[in-house]
Amino acid sequence: MVEQRPAEPAAGVPEVDGDLIDLQAAVEHLGHEVGDRLIGVVGYHPQLARLLAGRHDRQRPRVVLRDLGHADVREHLPGRPLDLLQAGKFGRPGHPDAHEFIISRTGCRPSAGRGGKMTPGGRRESGADVRVVVAGAGFAGLLAAYRVAQAGHEVVVLEARDRVGGRVWSQELVPGDPRSVVERGGEFVLDGYDVMRAVLAELGLELADTTMSYDEREPRGGAVTTARDVARCAAAVAGAAASAPPGASLAEVAARWPGSAAALAAFVSRVVVTHGVDAEVLAAAAVTDVTGGFARRPSWRVAGGNQRVATGLAGRLGSPVRLRSPVRAIEHDHEGVRVRTVGGAVTGDAVIVAVPMAVLRALPFSPPLPEARREAWRRAGLAHNAKLHLPLTRPAAASAVQSVPGRFWTWTATDASGQVQPVVHAFGGTEPGLAALGVAEGPARWASRLAALRPELSLDPDRALLTTWNDDPWAGESYSAHTVDVADGDDELIAAPEGRVHFAGEHTAGAWAGLMEGALRSGARAADEVLAAARR
Ligand SMILES: Cc1cc2nc3c(=O)[nH]c(=O)nc-3n(C[C@H](O)[C@H](O)[C@H](O)COP(=O)(O)OP(=O)(O)OC[C@H]3O[C@@H](n4cnc5c(N)ncnc54)[C@H](O)[C@@H]3O)c2cc1C
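Residues numbered from 1 in each chain as written. Predicted model: local features only at pLDDT ≥ 70, side-chain atom pairs only at ≥ 80, totals over all residues. Heavy atoms only, no water.

**Things to note about the site of the ligand**
Selection criterion: A single heavy atom is enough: if one lies within 4 Å of a molecule or strand, its residue is considered near that molecule or strand. N or O atoms closer than or at 3.5 Å make up a polar contact, with two conditions inside protein: a donor-capable atom paired with an acceptor-capable one, and, for residues adjacent in sequence, both atoms drawn from side chains. All accessibility values rest on the Shrake-Rupley procedure with a 1.4 Å probe; residue burial counts only the protein chains present in the view. The way it works is that DSSP assigns letters per residue, a run of H or I at least four long becomes a helix, a run of E at least two long becomes a strand, and they are numbered from the N terminus. The classification used treats Ala, Val, Leu, Ile, Met, Phe, Trp, Tyr, Cys and Pro as nonpolar, Asp, Glu, Lys and Arg as charged, and all other residues, Gly among them, as polar.
Lining the immediate environment of the ligand, one finds 37 residues, of which Glu 159, Arg 167, Phe 188, Tyr 193 and Val 327 sit closest. Within the contact set of the ligand, an oxygen atom lies 3.5 Å away from a backbone nitrogen or oxygen of Gly 186. At a separation of 3.3 Å, an oxygen atom of the ligand approaches a polar backbone atom of Leu 515. Considered on its own, the ligand offers 990 Å² of accessible surface; in the complex 98% of this is hidden by protein. Elements supplying a minimum of two residues to the shell around the ligand: helix 4 (139-150) and helix 15 (516-535). Its residues assigned to classes, the shell around the ligand shows 21 nonpolar, 10 polar and six charged.

This is the structure:
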């Protein structure tokens, strides 16, 4: 990352004195020429950033402007003491005379790595750093960026929201009460979350045992059955699903279960809520993933909230993470990438696109990506899920209860203090299931159904917090769903790079799709791809 380099000029590079108020003089001093058009200015100086782009990034603002005439820049710069950190000449397709300059107050030297012409393989001829643009600061994009930055390359992370974490969003339900932190998105850390555990260790974060089990829930509201019967049904259906033909739905495979109808109803209710699509479209194979356990095993959350993973990674990355910077389009060719935002464009050697599938489908690429890939995107399933949280007014034990007819489940859980949080959590799924809970109208109907399902709990329905994701413009889905439409090979096609364009995100994680662990694994994989290309 540029920001982590020492401020001193590299050995043998002539330093330009500070107080440069004339950009042209600074560029010429470094032996470059100013072209007719200046396509990029990147600055750390808060005032400069505000002046140039009307934007202000909290710590070290960086802006990228396109097609800004040289005269305009000079008009904005008089009297501003600036050092020229790096200046490079970039011939770009369609912009043969374009230049890019990086302006900073931290030091002054011509770039070793920025000025070289890139090889088709993605590396600059100078053999130095590459610059990687990452779209999306969820778990996938942040880990990808962090791994690339750790390898000594420059990253820029463009995030549409005013926070990092994406579909992991931790918040105090009762403001000011850290014991009431709830997960509005991704929550449970399950067996096999090895990358998550490694990242937590790197960031100095810990897991807290919830002391309830994600896997074992008491079924309520349907015909009488037990968690044990449901587990037996689940094992039989999972066995049948493993040998079912591709494209078989859960409904088809489950219908062959000869045992208790009540157990089957509870099993199907739980699975479709988890996967966020109905049994007729959910692929039977989906029940064999890590969420398909029905025997009691521990489940965890990150102590203090899962979003701490995102804020921890973003904190390590520092100013390259730019909030409120939605990516509008991506241009790519054998020379580099140009990622367009509202404020201009960010250029780089490669881009890692780590936005959710629902957003990805609508993102313009130039040239367009091959039709086969777009067809795989269209086949990808989008789950519908929402969450509801209510404060408890009396202490409760750790618990997990599934509403069989209601298409939601609820739990109470301990946090890092070892005490049960003063909160009841609920998670609902499938489009018709959420419609029946009235989520489009607010939390009231779901809160009253929850209260009816859990009469033993003392709730405060007036402070219910509802979180929906399918209407969120930067998500459009809760997560990807393995539906019967998904074709053989789609997982590989969706994850594969296209030239300098790489893809990360839970939807690219194959067997780990839909999960925080999948997001992290995909980010690490995309970073590996970029680093391998940089070495070639
Ligand atoms: C309700 C719910 C419950 C869940 N429960 C669990 C669970 O218990 N356990 C588990 O492991 N997982 C769970 N998940 C799934 C998990 O949260 C996700 O799989 C994971 O967080 C996805 O990470 P990601 O980086 O792929 O995507 P995201 O977190 O969505 O990150 C993508 C980022 O891209 C940004 N973005 C979007 N469009 C643009 C754009 N045009 N330009 C720039 N930025 C853009 C978004 O704002 C976002 O920050 C749950 C998810 C939800 C919604």
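**Section: the side chain of Ser 249**
Counted only if it meets this: By the convention used here, residues are in contact when the closest approach between their heavy atoms is within 4.5 Å.
With respect to the helices, strands and loops of the structure, Ser 249 is situated in the loop between helix 6 (227-242) and helix 7 (250-254). Among the polar contacts listed, one links the side chain of Ser 249 to the backbone nitrogen of Glu 252, at a separation of 3.1 Å. In this structure Ser 249 touches Ala 279, Glu 280, Leu 282, Ala 283, Ala 284 and Val 484, once residues within four positions along its chain are discounted.

**Describing the packing of helix 6 against helix 8 (residues 261-275)**
For clarity, the cut-off: Axis definition: a line fit to C-alpha positions, over the contact stretch in the case of helices; interaxial angles, taken between N-to-C directions, run 0 to 180 degrees. An angle counts as roughly parallel when it lies under 35 degrees, as roughly antiparallel when it exceeds 145, as roughly perpendicular when it falls between 65 and 115, and as oblique in every other case.
Running from amino to carboxyl end, helix 6 crosses helix 8 at an angle of 70°, the nearest separation of the two axes being 8 Å. Between helix 6 and helix 8, the crossing angle belongs to the class labelled roughly perpendicular. Between helix 6 and helix 8, the contacting residues are Asp 229, Val 230, Cys 233, Ala 234 and Val 237 on the first element and Ala 263, Leu 264, Ala 266 and Phe 267 on the second. Among the residues forming the contact of helix 6 with helix 8, the class breakdown is eight nonpolar, no polar and one charged.

**Some thoughts on the sheet that holds strand 10 (residues 218-220)**
Applied cut-off: Pairs of strands are assigned from DSSP output, requiring at least two bridges between the strands.
Strands sit in the order 10-20-21-22-19-23 across an open sheet of six strands; the sheet is mixed. In this open sheet, the two edge strands, each paired with only one partner strand, are strand 10 and strand 23 (465-468). Here the strands of the sheet are splayed against their neighbours by 20° on average, with no regard to which way each runs. Pairing of strand 20 (residues 399-403) with strand 21 (residues 408-412), which is carried by five bridges, proceeds in the antiparallel orientation. Each bridged residue has a counterpart across the sheet, and for Ala 400 the counterpart in strand 21 is Trp 411.

**Considering helix 4**
Short version of the rule: To estimate how far a helix should reach, multiply one less than its number of residues by 1.5 Å. Relative accessible area decides the class of each residue, using a 1.4 Å probe on protein chains only: under 20% of the type maximum gives buried, over 50% gives exposed, and in between gives partly exposed.
An ideal rise of 1.5 Å per residue puts 16 Å on 12 residues; helix 4 measures up with 16 Å between its terminal C-alpha atoms. When helix 4 is considered as a whole, its buried residues turn out to be Phe 139, Ala 140, Gly 141, Leu 142, Leu 143, Ala 144, Ala 145, Tyr 146, Val 148 and Ala 149. At the C-terminal side of helix 4, Gly 152 shows a positive phi close to 95°.

**Thoughts on the nonpolar core**
Quick reminder of the rule: Residues enter a nonpolar core if they are buried and are Ala, Val, Leu, Ile, Met, Phe, Trp, Tyr or Cys, with the set joined through side-chain atoms within 4.5 Å.
Core analysis: the largest hydrophobic core is formed by 87 residues, its most contacted members being Leu 250 and Phe 267. Here this core gets nine residues from one element, more than from any other, and that element is helix 4. Excluding anything up to four places from it in sequence, Leu 250 contacts Val 237, Phe 267, Val 271, Val 272, Ala 279, Leu 282, Ala 283, Ala 284 and Val 287. Core analysis: the second largest hydrophobic core is formed by 24 residues, Ala 135, Val 359, Phe 365 and Ala 376 among them.

**A few points about the pattern of salt bridges**
Rules: We count a salt bridge whenever a side-chain nitrogen from Lys or Arg sits within 4 Å of a carboxyl oxygen from Asp or Glu.
Evaluated as defined, the whole model comprises 23 salt bridges. A salt bridge links Asp 490 to Arg 379, with the shortest nitrogen-to-oxygen separation between them at 2.8 Å. Within this pair, whereas Asp 490 is found in helix 14 (residues 490-495), its partner Arg 379 is found in helix 11 (residues 371-379), the two being separated by 111 residues in sequence. Asp 490 gets classed as buried once you look at its relative accessible area, which sits at 3%. Residue classification places Arg 379 among the partly exposed positions, given a relative accessible area of 26%. In the salt-bridge network here, residues are joined through shared partners; they are Glu 218, Arg 220, Arg 454 and Glu 456.

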